[in-house]
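The lines below spell out each chain.
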Amino acid sequence: MIKQAIIPLAGQGTRLLPLTSVFAKELLPMNGKPGIEYIIEECIDAGIKEIVFIISKKKEMIKDYFYKDKFYQNIIKKKKDQRILNEYKKILKYRKMIKFVYQNKPLGTGDAVLKTRKYIKDKFFLMLLPDDLIIKKNCSKSMIKVHNQYKSSVMASMNVSKKTVSRWGIFKTKKKLNKKNFLIDAVIEKPSIKEAPSNKAVIGRYILPKKIFLKLKGQKKGKGGEIHITDTIQSLINEKEKFIGHSFSGKYLDCGIIGVLLTNLGTPEAPTAKALKPYLKQFLWDPRVVEVPRPIWWLILN
Ligand code: G1P
């Protein structure tokens, strides 16, 4: 049974500067609700009982979000507002399941995972990357089903355009198990088009074995000088650990990228947004991607 989840939240959010110099991007509202709440709800609905947040001193705002009791109590005393009361109850419910650990140096996802080591009790746990929102169908829940069936590690996968493979971890597949699942032969972090063994990308949902912590301790820095979980997964695969790729059916929304565009358009940083055009174009007609309002697509593509 998968009962514990971890969420790396210590990223600096450089793609979203200047906003992220004072604000945690995971608290940015997506359709009126902070992105992180979608991730928590996904966990709860998938049967997760405990979540470990990996934050940094610079992102204590995320912890504060769950510990503003006096603030709520004062307002609730003065105003009998049911909505505020419900929000407070929700925050209290979330807080009961969340533990915080710190990753003060931005050394990569692998390093973030290692920080949760003392909290993980069971043989397998779930990791969710908060930049990847998947809605309409609970991806974690489907992956847990796959895990229960095959008793193995599972990673979420989505087909991307060949041109954009260097933005993702990319799978080399071994064997199709059925329509939605395949055995993973290898996984390469952000390969060039030439190096990429497929166009199947890693999306931020992972069911990982506890034994990964032993490997992570000795993990060397990889691309960009960071410790990538992808590299550690590859060394486990080399030792015959079974990893399954799960092609999820929910709708995918890359918050990091949409955020970059929305914060950069019309600013001197706009060339960054322009460079992302080919990446975004592939999603224009992809039914899995959440509808982005037409005026925004117009801005992006013009
Ligand atoms: C991370 C992973 C990458 C994965 C991606 C999914 O990259 O390292 O393998 O494909 O998340 O969003 P990042 O987005 O942090 O650059």
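Please refer to the structure placed before this passage.
These numbers come from a predicted model, not from an experiment.

Undergrad: When you look at the overall build of the protein in this model, what are you seeing that I'm missing?
TA: A count of helices and strands for the protein gives 12 helices and 13 strands. Counting all 302 residues of the protein, 50% fall into the buried class. A fraction of 76% describes how many contacts in the protein between residues 6 or more apart in sequence connect residues 24 or more apart. About 15600 Å² of surface is accessible on the protein, with carbon and sulfur atoms providing 56% of the total.

Undergrad: I tried to follow the site of the ligand on my own but got confused; where do I start?
TA: Surrounding the ligand, one finds L129, D132, R167, W168, G169, E189, K190, V202, G204, Y206 and T230. Here an oxygen atom of the ligand sits 2.7 Å away from a polar atom, N or O, in the side chain of D132. For the ligand, whose free accessible area comes to 380 Å², the fraction covered by protein is 83%. In this structure the site holding the ligand corresponds to the largest pocket. A class-by-class count of the residues in the shell around the ligand yields 4 nonpolar, 3 polar and 4 charged.

Undergrad: Can you help me understand the packing of aromatic side chains in this one?
TA: Each aromatic ring pair is specified by the distance between its two centres and by the angle formed by the two planes. What the rule picks out here adds up to 9 aromatic pairs. Put simply, the rings of F53, Y65, F66, Y67 and F100 touch in pairs and so form one group of aromatic residues. Directly above the ring of Y38 sits K33, whose terminal nitrogen or CZ lies 4.4 Å from the centroid. Note that R167 overlies the ring of W168, its terminal NZ or CZ placed 4.3 Å from the centroid.

Undergrad: Quick question: what am I supposed to make of the pairing of strand β1 (residues 4-8) here?
TA: Residues in a regular strand project their side chains so that they alternate between the two faces of the sheet. Burial analysis of β1 places 5 of its 5 residues in the buried class, which makes it a mostly covered element. Residues Q4, I6 and P8 point to one face of β1 and A5 and I7 to the other, with burial holding for every one of them. Two elements, β1 and strand β4 (residues 50-55), share 5 bridges in a ladder whose sense is parallel. Paired with Q4 across the strands is E50, a residue of β4. Relative to strand β6 (residues 124-128), β1 is paired through 2 bridges, and the arrangement is parallel. Among the inter-strand pairings, A5 is bridged to a residue of β6, identified as L126.

Undergrad: Can you help me understand the nonpolar core in this one?
TA: For soluble globular proteins, the rule of thumb is that nonpolar side chains tend to be buried together. Ranked by internal contacts, the top residues of the largest apolar core, which has 52 residues, are F53 and F66. Discounting chain neighbours no more than four positions away, the residues touching F53 are I7, L9, I36, I40, I62, F66, I98, K99, F100 and V101. With 25 residues, the next largest nonpolar core counts I6, I184, L208 and F243 among its residues.

Undergrad: Got a minute to help me understand the packing of helix α1 (residues 35-45) against helix α4 (residues 82-97) in this structure?
TA: How two helices pack is summed up by the angle between their axes together with the distance between the axes. Two elements in contact, α1 and α4, have axes whose closest approach is 12 Å; the angle formed by their N-to-C orientations is 65°. In this structure, the crossing between α1 and α4 has a hand that is left-handed. When α1 is examined against α4, the residues E37, I40, E41 and I44 are found in contact with a partner set consisting of K90, I91, K93, Y94 and M97. Residues of the contact of α1 with α4, tallied by class, amount to 5 nonpolar, no polar and 4 charged.

Undergrad: So what exactly am I meant to see when it comes to unusual backbone geometry here?
TA: If a residue is not glycine, its phi is most likely negative; likewise, a peptide bond is most likely trans. One non-glycine residue with positive phi stands out, namely K136, at about 75°. The class for K136 is exposed, based on a relative accessible area of 68%. One non-glycine residue with positive phi stands out, namely K190, at about 40°. As for its placement among the helices and strands, K190 is situated in the loop between β10 (181-189) and β11 (200-209). For K190, a relative accessible area of 35% translates into the label partly exposed.

Rules of the game
Residues numbered from 1 in each chain as written. Predicted model: local features only at pLDDT ≥ 70, side-chain atom pairs only at ≥ 80, totals over all residues. Heavy atoms only, no water. Helix = DSSP H or I, 4+ residues; strand = E, 2+ residues; numbered from the N terminus. Buried < 20%, exposed > 50% of the residue type's maximum accessible area, 1.4 Å probe, protein only. Contact = heavy atoms within 4.5 Å. Areas by Shrake-Rupley, 256 points an atom, 1.4 Å probe, with all protein chains shown as cover. Near = heavy atom within 4 Å. Polar contact = N/O pair within 3.5 Å; in protein donor to acceptor, adjacent residues only side chain to side chain. 1 Å grid on protein atoms, 1.4 Å probe; cavity = no way out; pocket = protein on both sides within 12 Å on 5 of 7 lines; lining within 4 Å. Sits in = over half its atoms within 2 Å of the grid points. Nonpolar A, V, L, I, M, F, W, Y, C, P; charged D, E, K, R; others polar. Phe/Tyr/Trp six-rings, centres within 6.5 Å; stacked < 30°, edge-to-face > 60°. Lys NZ or Arg CZ within 6 Å of the ring centre and 35° of its normal. Pairing = 2+ DSSP bridges. Core = buried A, V, L, I, M, F, W, Y, C linked by side-chain atoms within 4.5 Å. Axes fitted to C-alpha atoms, helices over the stretch in contact; angles between N-to-C directions. Left-handed = near helix turned anticlockwise from the far one by under 90°.

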